[in-house]
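Chain by chain, the residues:
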Amino acid sequence: MSCIVDGTTIQGVDVCPQSWSESPEYFGESSYFGGQPPLSKAVGYLVVVGFGLLFSIFTTVVVYLDKAFSANSSWTSEQFK
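Quick notes on the rules
Residues numbered from 1 in each chain as written. Predicted model: local features only at pLDDT ≥ 70, side-chain atom pairs only at ≥ 80, totals over all residues. Heavy atoms only, no water. Helix = DSSP H or I, 4+ residues; strand = E, 2+ residues; numbered from the N terminus. Buried < 20%, exposed > 50% of the residue type's maximum accessible area, 1.4 Å probe, protein only. Phe/Tyr/Trp six-rings, centres within 6.5 Å; stacked < 30°, edge-to-face > 60°. Patch = residues over 30% accessible without salt bridge, like charges linked within 9 Å, V, L, I, M, F, W, Y side chains within 5 Å. Areas by Shrake-Rupley, 256 points an atom, 1.4 Å probe, with all protein chains shown as cover. Salt bridge = Lys/Arg side-chain N within 4 Å of Asp/Glu carboxyl O.

Trainee: Where do I start with the environment of V15 in this structure?
Mentor: By the secondary structure assignment, V15 is in the loop between β2 (8–11) and α1 (18–22). For V15, a relative accessible area of 61% translates into the label exposed. Distance in space between the C-alpha atoms of V15 and S2 is 8.2 Å, their sequence separation being 13 residues.

Trainee: Which parts of the structure should I look at to understand the packing of aromatic side chains?
Mentor: Tallying each qualifying case throughout the model produces one aromatic pair. A ring pair is formed by F51 and F55, whose centres lie 6.1 Å apart and whose planes are at 25 degrees; its orientation type is stacked. Of this pair, F51 and F55 both sit in helix α2 (residues 41–69), separated by four residues, roughly a single helical turn. For F51, a relative accessible area of 45% translates into the label partly exposed. Among the residues examined, F55 registers a relative accessible area of 51% and is labelled exposed.

Trainee: Help me understand a nonpolar patch on the surface in this model?
Mentor: A surface patch of nonpolar side chains, about 860 Å² in accessible area, is lined by V48, V49, L53, I57, V61, Y64, L65 and F69. Among the structural elements, V49 can be located in helix α2.

Laid out in structure tokens, this is it:
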């Protein structure tokens with residue numbers, strides 16, 4: 001298959017991205033960031049670990065509130081049905 005952009009034929013491309021015709025500076029590029037990651041590795045770890053902590057704290061608070069304010073606060077396997 002091929003893709004034609006501004007009169008240039010590109011072989012081996014199944015889909016011709018719209019950005020190649022709208023923004024010629026991205027023609028033939030595989031990244032919009034010039035091959036560099038948009039964020040540092042530290043920021044990536046911070047996002048992953050931060051969201052993990054946030055979700056675990058939220059889950060812990062919800063379980064605690066359920067146990068504190070529920071009329072039937074016994075812990076059995078039936079709770080997870």
